[in-house]
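One letter stands for each residue in the lines below.
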Amino acid sequence: MRRVIRTGFGRGSIPREVDDELAFHLEMRARQLIGAGLSPDEARREALRQFGNLDEVRASCVAMDRERIRTMNRVSLLQDLRQDAVYALRVLRRNLGVTTVVVASLALGIGANTAIFSLINAVLLRKLPVRAPDELVVVGNPSWVNSMSYATTPQGNAHSYRTYLALRDRDDGLVRGLLATGRADRLLVHLDGGRGEPDRPRGRYVSGNYFHVLGVPAFLGRTFDGTEDETTGGAPVATVSHRYWTNRLGGDSAAVGRDVVINGARFTIIGVTPPWFTSEIVGQQIDMWVPISMQGVLAPNRQVLDDPQAYWLLFMGRRTPGVTFEQAQAGLQGAIRQILTEQAPNAVVVSDVARLEVPVTPGARGLSRVRTSYEAPLVILMVGVGLLLVIICANVANLLLARAVARTRETSVRLAIGASRARLVRQMLTESLLLALLGAVAGLLVGRWGSRLLLALAADGSPVLPLDTRIDVVALGFTMLLAMLAVVVFGLVPALRASRVDVAGAMRASAKSLTGGAGLRGGRNPLGRALIAGQVALSMVLLVGAALLVRSLRHVEGADTGVDREHLLVVDVDAYSRGYRDARLATLAQELGDRLRRIPGVTELSWSENGIFSGTESASNLGVPGFTAREELDSISYFDQVGPDFVRAIGGRLLRGRAIEASDAPGSAPVVLVNESFARFYFGDGDPTGTTIRISDSTLAQVVGVVADIKDQSLTAAARRRYYTAYMQRPLGSPGALRFLVRTTGEPARLVPDVRRTILAHDAQLPIDGIDPLSTLMRQSIREGRLLTRLASGFGLVALLLAAIGLYGVMSYAITRRTGEIGLRVALGAGRGNVIRLVLGDALRLVFIGVAVGVPLALASTRLLRNQLYGVTAADPVAMGVALAVLLTSAIVAALLPAVRASRVAPVVALREE
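Since the structure is predicted, the reported quantities are computational estimates derived from the model, not experimental observations. Residue numbers restart at each chain and count upward from 1, following the sequence in its written direction. Where local features are concerned, this predicted model is filtered to residues with pLDDT of at least 70; where side-chain atom pairs are given and counted, the filter is 80 or more; whole-chain, interface and lining totals use all residues. With hydrogens and water set aside, each side-chain value is computed from the structure's full complement of heavy atoms.

## Some remarks on the overall build of the protein
Part 1 of the reasoning: Each helix and strand counted, the protein has 28 helices and 24 strands in total.
Part 2 of the reasoning: Only protein chains enter the calculation, and the probe is 1.4 Å; a residue is then buried if its accessible area is under 20% of its type maximum, exposed if over 50%, and partly exposed in between. Here the protein holds 914 residues, and the buried ones make up 50% of them.
Part 3 of the reasoning: Contacts are residue-level and defined by heavy atoms, with any inter-residue pair within 4.5 Å sufficient. A fraction of 81% describes how many contacts in the protein between residues 6 or more apart in sequence connect residues 24 or more apart.
Part 4 of the reasoning: Of the accessible surface of the protein, which amounts to about 41000 Å², a share of 57% is contributed by carbon and sulfur atoms. Working definition: helices are DSSP H or I runs of at least four residues, strands are E runs of at least two. Numbering for both runs from the N terminus. Using the Shrake-Rupley algorithm and a 1.4 Å probe, accessible areas are obtained, with residue cover drawn only from the displayed protein chains.

## Looking at the packing of aromatic side chains
Part 1 of the reasoning: Classification of ring pairs rests on two measures: the distance between centres of Phe, Tyr or Trp rings, Trp counted by its six-membered ring, which must be within 6.5 Å, and the angle between planes, read as stacked under 30 degrees, edge-to-face over 60 and tilted in between. Using the criterion set out here, one finds 19 aromatic pairs in the structure.
Part 2 of the reasoning: Ring geometry for Phe681 and Tyr682: centres 4.9 Å apart, planes at 85 degrees, overall edge-to-face.
Part 3 of the reasoning: Its relative accessible area of 28% is what places Phe681 among the partly exposed residues.
Part 4 of the reasoning: Among the aromatic residues, ring-to-ring pairing joins Phe627, Phe639, Phe678, Phe681, Tyr682 and Tyr723 into one connected group.
Part 5 of the reasoning: Above the face of the Tyr580 ring, Arg584 is positioned so that its terminal group lies 4.4 Å from the ring centre.
Part 6 of the reasoning: Charges are assigned to positions over rings by a cutoff of 6 Å between ring centre and Lys NZ or Arg CZ, combined with an angular limit of 35 degrees from the ring normal. Directly above the ring of Phe681 sits Arg721, whose terminal nitrogen or CZ lies 4.1 Å from the centroid.

## A look at the side chain of Ser606
Part 1 of the reasoning: Along the chain, Ser606 turns up in strand β15 (residues 602-608).
Part 2 of the reasoning: By relative accessible area, Ser606 is classed as buried at 0%.
Part 3 of the reasoning: Here a polar contact is taken to be a pair of N or O atoms separated by no more than 3.5 Å, where protein atoms must pair a possible hydrogen donor with a possible acceptor and residues adjacent in sequence count only if both atoms sit in side chains. In terms of polar contacts, Ser606 uses its side chain to reach the backbone carbonyl oxygen of Pro644, at 2.9 Å.
Part 4 of the reasoning: Look past the residues within four positions of Ser606 in its chain and what remains in contact with it is Gly643, Pro644, Asp645, Phe646, Ala649, Arg739, Phe740 and Leu741.

## Considerations on the pairing of strand β8 (residues 259-262)
Part 1 of the reasoning: Two strands qualify as a pair provided that DSSP identifies no fewer than 2 bridges between them. Of the strand pairs in this sheet, strand β4 (residues 189-190) and β8 are connected by two bridges, and their pairing is antiparallel. If you follow Val189 over to β8, its bridge partner there is Ile262.
Part 2 of the reasoning: Note: β8 against strand β9 (residues 265-272), four bridges, orientation antiparallel. Counted as the bridge partner of Asp259 is Thr268 from β9.
Part 3 of the reasoning: What sits between β8 and β9 in their antiparallel hairpin is a turn of two residues, with Asn263 showing a positive phi close to 50 degrees.

## Section: unusual backbone geometry
Part 1 of the reasoning: The phi angle at Ala132 is positive, at roughly 45 degrees, despite the residue not being glycine.
Part 2 of the reasoning: As for its position among the elements, Ala132 is in the loop between α5 (96-125) and β1 (136-139).
Part 3 of the reasoning: One non-glycine residue, Asp645, lies in the positive phi region at around 65 degrees.
Part 4 of the reasoning: Looking at where Asp645 falls in the secondary structure, it is placed in the loop between β17 (636-642) and α20 (646-650).

## Remarks on the nonpolar core
Part 1 of the reasoning: Within the largest apolar cluster, 90 residues are counted, with the highest numbers of intra-cluster contacts made by Ile116, Leu467 and Leu807.
Part 2 of the reasoning: With 15 residues, the top contributor of residues to this core is helix α12 (residues 370-406). Residues grouped as a nonpolar core are buried Ala, Val, Leu, Ile, Met, Phe, Trp, Tyr and Cys residues, joined through side-chain atoms within 4.5 Å.

## Focus on the side chain of Gln535
Part 1 of the reasoning: Relative to the assigned elements, Gln535 resides in helix α18 (residues 526-557).
Part 2 of the reasoning: The exposure class of Gln535 is buried, given its relative accessible area of 1%.
Part 3 of the reasoning: When neighbours within four sequence positions are excluded, Gln535 is seen to be in contact with Ile391, Ala394, Asn395, Asn398, Leu802, Ala803 and Gly806.

## Re helix α6 (residues 161-168)
Part 1 of the reasoning: Listing the buried residues of α6 in full gives Tyr161, Thr163, Tyr164 and Leu167. The arc that holds every buried residue of α6, seen down its axis, measures 155 degrees, which confines them to one face. Our arc is simply the arc of the directions from the helix axis toward the C-beta atoms.

## Things to note about the packing of helix α26 (residues 832-861) against helix α27 (residues 877-903)
Part 1 of the reasoning: Only the stretch in contact is used when a helix axis is fitted, and all axes are lines through C-alpha atoms; the angle between N-to-C directions ranges over 0 to 180 degrees. Contact geometry for α26 and α27: axes closest at 9 Å, N-to-C directions at 150 degrees. Taken together, the axis directions place α26 and α27 in an arrangement best described as roughly antiparallel. At the point where α26 passes α27, the crossing takes the right-handed sense. Where α26 approaches α27, its residues Arg832, Val835, Ile836, Val839, Leu840, Ala843, Leu844, Val847, Phe848, Val851, Val855 and Leu859 are matched on the opposing element by Met880, Leu884, Leu887, Leu888, Ala891, Ile892, Ala895, Leu896, Ala899, Val900, Ala902 and Ser903.
Part 2 of the reasoning: Class assignment of the residues belonging to the contact of α26 with α27 gives a composition of 22 nonpolar, one polar and one charged. These descriptions rest on fixed angle ranges, namely under 35 degrees for roughly parallel, over 145 for roughly antiparallel, 65 to 115 for roughly perpendicular, and the rest for oblique. Each crossing gets its handedness from the near helix: less than a right angle anticlockwise from the far helix is left-handed, clockwise is right-handed. Throughout, the ten residues Ala, Val, Leu, Ile, Met, Phe, Trp, Tyr, Cys and Pro are labelled nonpolar, Asp, Glu, Lys and Arg are labelled charged, and all others, Gly among them, are labelled polar.

## Some remarks on the environment of Gln309
Part 1 of the reasoning: Within the secondary structure layout, Gln309 lies in the loop between α9 (295-298) and β11 (310-311).
Part 2 of the reasoning: Not counting residues within four places of it along the chain, the set of residues in contact with Gln309 comprises Ser149, Tyr150, Ala151 and Thr152.

## Some remarks on the environment of Thr273
Part 1 of the reasoning: Of note, Thr273 is situated in the loop between β9 and β10 (288-291).
Part 2 of the reasoning: Each C-alpha atom of the pair Thr273 and Val240 lies 6.4 Å from the other, and the pair is 33 residues apart in sequence.
Part 3 of the reasoning: Contacts of Thr273, omitting those with residues within four sequence positions, involve Phe211, Phe219, Thr239, Val240, Ser241, His242 and Trp289.

## Some words on the packing of α5 against helix α14 (residues 421-459)
Part 1 of the reasoning: Interhelical geometry of α5 versus α14 gives an angle of 45 degrees and a closest axis separation of 6 Å. For the element pair α5 / α14, the angle class is oblique. In the crossing of α5 with α14, the sense of the turn from one axis to the other is right-handed.
Part 2 of the reasoning: Among the residues making up the contact of α5 with α14, the classes are represented as 17 nonpolar, nine polar and no charged.

## Quick notes on the confidence of the model for the protein
Part 1 of the reasoning: As a per-residue measure, pLDDT tells how confident the predictor is, with possible values from 0 to 100. With 88% of its residues at a pLDDT of at least 70, the protein reaches an overall mean of 83.
Part 2 of the reasoning: Segment residues 1-11 is flagged for pLDDT under 50; beyond a separation of four residues in sequence, or across chains, it makes 14 contacts in the model.
Part 3 of the reasoning: This stretch, residues 510-523, has a pLDDT under 50; its non-local contacts, to residues over four places away or in other chains, come to 33 contacts.

## Details of the pattern of salt bridges
Part 1 of the reasoning: A pair is scored as a salt bridge if a Lys or Arg side-chain nitrogen falls within 4 Å of a carboxyl oxygen belonging to Asp or Glu. In the structure shown here, the tally under the stated rule is 38 salt bridges.
Part 2 of the reasoning: Its salt-bridge partner being Arg248, residue Asp199 comes within 2.8 Å of it at the nearest N-O pair. You can see Asp199 sitting in the loop between β4 and β5 (203-206) and its partner Arg248 sitting in the loop between α8 (242-247) and β8, a full 49 residues away along the chain.
Part 3 of the reasoning: Asp199 sits in the buried class, given a relative accessible area of 13%.
Part 4 of the reasoning: Its relative accessible area of 42% is what places Arg248 among the partly exposed residues.
Part 5 of the reasoning: One network of salt bridges, in which partners are shared, links Arg183, Asp185, Arg186, Arg302, Asp574 and Asp769.

## Here's the deal with a nonpolar patch on the surface
Part 1 of the reasoning: A cluster of nonpolar side chains, Val379, Val383 and Leu864, forms an exposed patch at the surface whose accessible area comes to about 240 Å².
Part 2 of the reasoning: Relative to the elements of secondary structure, Leu864 occurs in the loop between α26 and α27. Patch membership is restricted to residues that have no salt bridge and whose relative accessible area is over 30%. Joining uses 9 Å for like charges and 5 Å for the nonpolar side chains Val, Leu, Ile, Met, Phe, Trp and Tyr.

## What to know about the environment of Arg565
Part 1 of the reasoning: Take Arg565: it is sitting in the loop between α18 and β14 (568-573).
Part 2 of the reasoning: Its relative accessible area of 16% is what places Arg565 among the buried residues.
Part 3 of the reasoning: Between the C-alpha atom of Arg565 and that of Met778, which follows or precedes it by 213 residues, the distance is 8.4 Å.
Part 4 of the reasoning: Excluding anything up to four places from it in sequence, Arg565 contacts Val556, Glu557, Gly558, Ala559, Leu715, Leu774, Ser775 and Met778.
Part 5 of the reasoning: From its side chain, Arg565 meets the backbone oxygen of Glu557 in a polar contact 2.7 Å long.

## Quick word on the pairing of β9
Part 1 of the reasoning: The buried fraction of β9 amounts to six of the eight residues, a majority that puts the element mostly inside the structure.
Part 2 of the reasoning: Relative to β9, strand β6 (residues 220-221) is paired through two bridges, and the arrangement is antiparallel. Opposite Leu220, over in β9, you have Val272 as the bridge partner.

Below, the structure written as structure tokens:
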């Protein structure tokens with residue numbers, strides 16, 4: 001047994017003992033041989049011969065001995081760990097209140113981090129659930145998932161169907177399969193052959209090789225096999241999602257082969273996708289996939305397959321083995337430019353193609369518009385919840401430090417009877433590990449609930465984004481990592497601190513003095529005070545960030561938009577899909593506008609192609625006399641085609657000249673109305689009215705007026721230079737959309753039923769894409785900022801509460817330790833006010849230290865928010881002052897309670913306790 005203990009601490013002792021044992025056996029064998037009649041030399045040689053190769057025997061014995069020692073040590077360690085775990089469970093159960101507080105605190109911190117990380121994982125990190133996703137590349141802008149733009153100049157962010165066919169048929173060896181995917185405007189599906197109310201599933205046009213390139217098998221039936229692209233309009237088949245099959249088709253296997261009517265055409269459902277595949281788009285769940293060759297059948301009034309100026313498709317390809325992403329990127333960009341050059345109708349377009357940027361990006365994470373919108377807010381929130389977790393760990397560490405003080409006598413007794421400091425540290429770390437694991441389990445539950453809450457907050461009244469926020473292996477690993485880090489942060493230091501006990505002094509001291517800190521070196525608990533100062537500093541960072549975001553949001557919500565935001569109703573009708581265009585579209589706008597004007601409560605009405613806060617934009621090149629462009633974008637301006645009385649209907653301000661009027665009809669000279677930014681950019685301080693400018697390629701129009709800038713697509717971006725043409729003149733061709741702008745006397749939402757009824761009375765088949773108050777559309781446009789502000793404010797308040805609780809706990813501990821001193825002061829004549837000032841001064845010193853550290857830290861950290869702020873700077877003094885005032889107020893309240901209690905200490909009682 002002594003050898004086992006000895007070899008446990010010195011590996012060199014094993015070979016020495018083996019040598020001694022082999023020497024003993026050789027000596028004994030030699031003596032036996034001498035007794036048999038051999039001389040001593042002969043006996044030794046014979047003994048060595050019988051033993052064989054002594055080095056091999058020695059090595060074998062050493063290896064066996066070491067293995068035995070390792071086995072015994074492992075068994076001993078496992079037994080010790082089991083004892084530590086059992087004892088830790090007893091301790092935690094005996095201190096159920098402390099255990100509950102610690103676990104709840106950790107659950108909040110770990111759960112908040114897990115919830116945010118689950119969203120980050122779903123939006124930014126998780127790869128598509130398809131075969132070998134790292135091989136995929138995206139040709140086009142991955143955020144343009146629902147684009148549909150028409151332009152005379154080539155586009156690189158989205159592509160035409162003709163470009164897809166040309167690129168697909170090239171044999172460059174870069175990709176082994178290239179698919180196309182694009183929006184499907186509206187699918188009206190009759191499952192009963194054309195009777196009853198239709199379903200409105202979310203659809204997607206895809207090429208016939210879509211499922212093959214992605215590597216997605218059929219759950220039921222089959223998917224497209226590529227033949228669907230051979231004949232335009234000749235593949236009336238559809239594949240549905242597992243969700244749609246379950247919810248709308250009853251999960252019936254007979255649904256495969258069933259005929260349905262889509263937009264009046266008969267289609268056959270040929271397959272169901274697996275439940276784990278929702279689409280190639282993150283944040284968008286597709287219900288039905290239709291061959292892209294059927295676009296003209298389902299939308300006969302918007303046929304875009306043969307239109308080289310319709311840019312609406314994104315491509316995804318799978319790299320050929322041996323081809324790097326960089327090679328595929330360069331090759332695909334060159335191929336797109338070459339194809340567009342071959343398709344170019346003139347030299348001007350060829351010149352545009354040469355300067356065209358074609359995004360080619362890795363496709364493992366799929367397409368996503370959500371990623372672009374929420375990437376920055378999610379990263380900022382991750383930093384915020386990380387700081388919150390650090391504050392929580394500091395609070396827990398303070399609590400465990402107090403427990404370590406209370407357990408000084410227990411620690412002293414264990415040291416006195418032979419326990420090592422390492423064993424004590426391991427025991428306390430085991431307790432911390434159990435607390436962390438319990439907190440992690442509870443945190444997973446909080447995180448799961450929290451991720452759903454975050455999705456609801458992000459929706460802000462709109463449909464919740466269909467993001468997969470399940471706790472997968474990555475999220476689980478992240479949670480466990482947080483738990484382990486929490487052990488190191490809040491468990492190791494208190495454990496080391498508790499093991500530094502003056503055994504002799506602690507054994508002589510009473511339990512009361514031990515609680516006061518007599519058994520600890522440095523009884524004033526400087527570590528706990530440092531943790532409180534750190535909590536205050538981090539709380540200052542979160543509070544300043546929250547204050548900045550709140551002030552920024554207030555500025556955004558109160559920004560001057562140039563329109564009457566409280567009394568406008570935006571009505572979007574899909575006239576194009578019903579075949580309204582050119583003269584018929586103008587007639588519809590005029591007749592339906594007259595009907596809508598007669599609705600009680602409507603004061604003004606007009607219409608436009610793009611509307612306000614619709615998410616759609618139009619731009620064109622132009623020429624202005626006397627203006628020389630310094631760069632290409634200088635000759636491009638945004639525009640909209642608007643109806644008569646547009647400025648008055650939206651509540652705009654006419655600065656010069658006149659607006660678009662009813663007299664600006666077909667046959668009259670084209671006119672344009674320009675905004676203030678347009679006039680300033682192209683004419684400086686001059687008056688543009690009366691000037692003839694070139695819009696688009698060859699159309700000439702006269703500037704008739706200047707209108708004040710209107711924020712019609714973004715509340716936070718600066719107004720763009722824009723011009724307005726007469727909708728009825730159609731100088732840029734037939735508008736592709738019709739949106740009515742209805743100004744009301746009262747709350748616009750109250751007129752929604754009347755507006756809907758009036759439209760359907762005029763044309764019962766006219767699709768209505770939306771009837772929304774402008775205030776609602778504006779609110780939805782800033783929902784990312786609202787989410788960030790809400791959560792940052794919540795984190796700041798929680799951090800403030802935790803800092804206040806920590807300060808309260810430290811001051812209460814300090815008062816308990818100084819009970820005798822306070823009693824003596826009172827006995828010598830100190831008043832209650834003196835005692836309160838003494839305690840408050842001690843507390844505020846900690847707060848001021850934390851503020852001194854927190855202010856520069858906040859100034860450095862708020863740089864992360866720079867792109868999220870509007871109307872305020874990162875060093876906004878008001879936000880800084882508000883955060884400081886809130887922090888000081890809460891600190892004074894937290895410290896005042898123990899201060900008042902200290903002032904009521906009876907001198908006789910305090911001195912008797914001493």
